[in-house]
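Listed below are the residues making up each chain.
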Amino acid sequence: MGVDMHNPWSGMRLDGADGADDPPPAAGDDAPAAEPAAVRIPEVVPVIPIRNTVVFPGTVIPLTIGRERSRRLLEDVLPKQKIVLLVAQRRPDVEEPRPEDLHQYGTAAVLLRAVRNDEGHQTVVVHGLIRARLDQYVQSEPYMIARITPLPDRVKPSTTIDALMLSVRQEAARVIELSPNVPDEARFVLDNIDAPGALADFLASNLPLDTRQKQGLLETLNVADRLRKISQELGQQLQVLELSSKIQEQVRSSIDRSQREYFLHEQLKAIQEELGQTDERTEEINELSEKIAKADMPPPVRKTAERELERFRRIPQASPEHHIVRTYLDWLTEVPWSVQTADTLDIAAAQRILEADHYGLERVKKRILEYLAVRKLAPHSRGPILCFVGPPGVGKTSLGQSIARALGRKFIRMSLGGIRDEAELRGHRRTYIGAMPGRIVQEIAKAGSINPVFMLDEVDKVGQDFRGDPSSALLEVLDPAQNNSFQDHYLNVPLDLSRVLFIATANYMGTVPPALQDRMETIELPGYTPGEKLMIARRYLVPRQRQENGLKASQLTFTDAALDAIIDRYTREAGVRELERQVGAVCRAVAAKVARGSARKRTVDVRGLGKFLGPAQYESEIAQRTSVPGVATGLFYTPAGGGVLFIEATRFAGHGRLTLTGQIGEVMRESAHAAFSLVRSRAEQLGIDEKQLGRTDVHVHVPAGAVPKDGPSAGTAIVTALVSLLRGRAVRPEVAMTGEITLRGLVLPVGGIKQKILAARQAGITTVILPARNRKDVTQLPPEVKKGLELVFASQIGQVLKTALGQ
């Protein structure tokens, strides 16, 4: 709230609906009003409605007449009668006010002068005389005329009145003092008003109050009460002005201090130049200039850096922009624009490194060696974007480190798990406080090379929300046709990523967007066989855990039978992470004995495993689970590896309904209904009493109810369990199966064949029934996986039942 006291009687608006600006008040109207007793007030006067303002007694104000009714009133009244009643409207948006639209109290005023402007509007100068109450309307058309009663001020000389006048006068003087652009005559007018009512009206007309508040002051006839209200409004205004003055003084002091520091810095700079010395700022600028020269930036980036350096020269150190530009230049010079490591293109040496670091994984090693061969023959060819897909613990991340070592490049690993903000990859724009480049630029700057091996770990766990989609930002990074001009939001200059060898890892490609999958060459790492796990444990895990626990090879050895027992009885995984933990537990126990002196060396065999690891955690339950009709063994696959799934079915009297339990997903639920419909449709062929089936309810349950299950691959196992139940014939305990079923009895192909076969082998299964169309997947499996297993390929459900039930 501000006090506009640049003129004691600021121009006010009457009823001008055209929105024209009010003309300035006539000069010489600053004197206090004459006593109202000098003019006779008629009992009946014309009424002029005004809006957005209130006229007080003693004030001289110009009013613009815009309404046709008001113009006609002036034509009829002037010059015979110059006394009118000015009454404020209750609602300013009413264009043609009626008597009920006006307040009951107004001000009787005399018309001093009338002037017509070029736009056809008429401006009159009025002098407020006395308050008046509107008693009765005598005429409403074509304009309003009313009977009024003048209302003189109610005031009784007393010390209270004198005290109120003194207080109000002092507060008003202070407000005038703090208000900008107030003429000197305002204080003069204030000091020369002796009447308490006139003083209150003078201040009320100039205070920045709304129409409702001013109308309330006009209707306050008791002068003491009016002065109290004025004093309260002045007090509030004075608080605001004093606070504003304090803030301005602080700002002015800060500016003066900054100017003084700048002046002294310039003087110091001139003195140092005369003495042949350089100040810190000059050294800083010279240092940045040298960094830009040494960075060997591409021409567009060099041009941007030099432009920002020139800006930095002109920015004062006290400016917030100084730190922002300095940080930006630091990042520009830290990026290794032209620094790269020379590739080691010795294919034989690279093969030895890969073989030494990882056992198996022949397909991956073959692909890396092919990449090296292409780089050797075509050095400027674009690098591939590889994506290793497999369960946890199969060596995806460590394989990236081995690739970097084989190539002789720097290695960068960035985990994408849980990233939801696109700015984490592409950076924030410099307009934000604390902005920084994205993780890609940061990691390359940290590596100090423009051609590192960059591993994007857990690409399948990238999230998205209102802050953007990070996987969409990866589209440009992982596209060899686009990443030669990658733009980070912070740097805002092109960065060539085409020399970076990007390697992504994922456990499951189902959550990766198709557009991102299309940009990567997917290489599956399906998991290790028991034989491969044994070799990995012997070559890598045992020596590493022995070293980490302070043991020598002579102090601890494992027999192959002990390692096989750990793999079979204490782990259930596709990788070797849990296997390494169990080996580490044995090493820690032996290290404790060696440290106490109770043992010097130890050979761990099968019989001693229980002392270190406790009872076996996994045992075969196949014979017990399938010894009764209605139980079939299925196979499943998850991103963590394969496993065995049991389907249990029972029946009881009912109406032919099917009940499903075991936290089954929608797809698996539909597969169970399809299996039940298939069995009912072929009841006669299967030797099942169809009438008895209609009077029987069937309940299918999948154990491990706390674990969610979904997918169509349990279709053959559900059909087998139902037929086993309804025929009263148990399924062969050594048989497991997988495959999707249709209502026609077809067995459709499924995924994860290697993981499922490994899980069946580990669970003691000897016969595995697979869809016939999965035969191509079996041909790629190593002989060790298929050894000792009978693989039966089925295209019809009859072949499945013949193998599983022996019929």
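This structure is a prediction, so every number in the text was calculated from the model and none was measured.

What counts, and at which threshold
Residues numbered from 1 in each chain as written. Predicted model: local features only at pLDDT ≥ 70, side-chain atom pairs only at ≥ 80, totals over all residues. Heavy atoms only, no water. Patch = residues over 30% accessible without salt bridge, like charges linked within 9 Å, V, L, I, M, F, W, Y side chains within 5 Å. Areas by Shrake-Rupley, 256 points an atom, 1.4 Å probe, with all protein chains shown as cover. Salt bridge = Lys/Arg side-chain N within 4 Å of Asp/Glu carboxyl O. Helix = DSSP H or I, 4+ residues; strand = E, 2+ residues; numbered from the N terminus. Buried < 20%, exposed > 50% of the residue type's maximum accessible area, 1.4 Å probe, protein only. Pairing = 2+ DSSP bridges. Contact = heavy atoms within 4.5 Å. Axes fitted to C-alpha atoms, helices over the stretch in contact; angles between N-to-C directions. Expected span 1.5 Å × (residues − 1). Parallel < 35°, antiparallel > 145°, perpendicular 65-115°, else oblique. Left-handed = near helix turned anticlockwise from the far one by under 90°. Nonpolar A, V, L, I, M, F, W, Y, C, P; charged D, E, K, R; others polar.

A. Local environment of a nonpolar patch on the surface. A contiguous nonpolar surface patch, about 270 Å² in accessible area, is contributed by Leu-243, Ile-247 and Val-251. The topology assignment puts Val-251 in helix 6 (residues 223-275). For Val-251, a relative accessible area of 44% puts it in the partly exposed group.

B. Structural view of unusual backbone geometry. Pro-142 follows Glu-141 through a cis peptide bond whose omega is 0°. Residue placement: Pro-142 occurs in the loop between strand 5 (122-139) and strand 6 (145-151).

C. Quick look at the pattern of salt bridges. All told, the structure shown has 43 salt bridges when counted by the stated rule. A salt bridge links Asp-93 to Arg-91, with the nearest nitrogen and oxygen atoms 3.0 Å apart. Neither Asp-93 nor Arg-91 differs from the other in exposure class; each is exposed. Among the charged side chains, a network of salt bridges with common partners joins Arg-131, Asp-153, Asp-201 and Arg-226.

D. Summary view of the pairing of strand 2 (residues 60-65). Within strand 2, 6 of the 6 residues are buried, leaving the element largely enclosed by the surrounding structure. Pairing of strand 2 with strand 5, which is carried by 6 bridges, proceeds in the antiparallel orientation. Its bridge partner being in strand 5, Ile-61 is matched across the sheet by Val-126.

E. Expanded view of the environment of Arg-133. Take Arg-133: it is sitting in strand 5. Exposure remark for Arg-133: the relative accessible area of 26% places this residue in the partly exposed category. Apart from residues no more than four positions distant in its own chain, Arg-133 is found in contact with Gln-104, Tyr-105, Arg-147, Ile-148, Thr-149 and Leu-151.

F. Summary view of the sheet that holds strand 8 (residues 411-415). In space, the 5 strands of this open sheet follow the order 8-9-12-7-13, with parallel pairing throughout. On the outer flanks of this sheet lie strand 8 and strand 13 (521-524), each paired with one strand and no other. Along the sheet, successive strands turn relative to each other by an average axial angle of 20°, direction set aside. Looking at chain direction, strand 7 (residues 386-389) and strand 12 (residues 501-506) are connected through 4 bridges and run parallel. By the bridge assignment, Val-389 is partnered in strand 12 with Ala-506. Strands in contact with helix 12 (residues 396-407) are strand 7, strand 8, strand 9 (453-457) and strand 12; relative to strand 9, the strand with the most contacts, it is inclined by about 175°.

G. Geometry of the environment of Glu-355. When you line up the elements, Glu-355 lands in helix 10 (residues 347-357). Glu-355 sits in the partly exposed class, given a relative accessible area of 33%. Through-space distance from the C-alpha of Glu-355 to that of Thr-333 is 39 Å; in sequence the pair is 22 residues apart. Look past the residues within four positions of Glu-355 in its chain and what remains in contact with it is Glu-362, Lys-365 and Tyr-540.

H. Local environment of helix 24 (residues 715-727). The end-to-end C-alpha separation of helix 24 is 18 Å, in line with the 18 Å expected for 13 residues at 1.5 Å each. Of all 13 residues that make up helix 24, 12 are buried, and the element is covered over most of its length. Among the residues making up helix 24, those that are buried are Gly-715, Thr-716, Ala-717, Ile-718, Val-719, Thr-720, Ala-721, Leu-722, Val-723, Ser-724, Leu-725 and Leu-726. Two residues or fewer after helix 24 comes Gly-728, characterised by a positive phi angle close to 70°.

I. A look at the packing of helix 24 against helix 28 (residues 797-805). Where helix 24 meets helix 28, the closest approach of the two axes is 10 Å, and the angle between their N-to-C directions is 60°. Here helix 24 lies oblique to helix 28, going by the angle between them. Relative to helix 28, helix 24 is oriented so that their crossing is right-handed. Residues Thr-716, Val-719, Thr-720, Val-723 and Ser-724 of helix 24 form the contact with helix 28, whose own contacting residues are Ile-797, Val-800, Leu-801, Ala-804 and Leu-805. Taken together, the residues that form the contact of helix 24 with helix 28 break down as 7 nonpolar, 3 polar and no charged.

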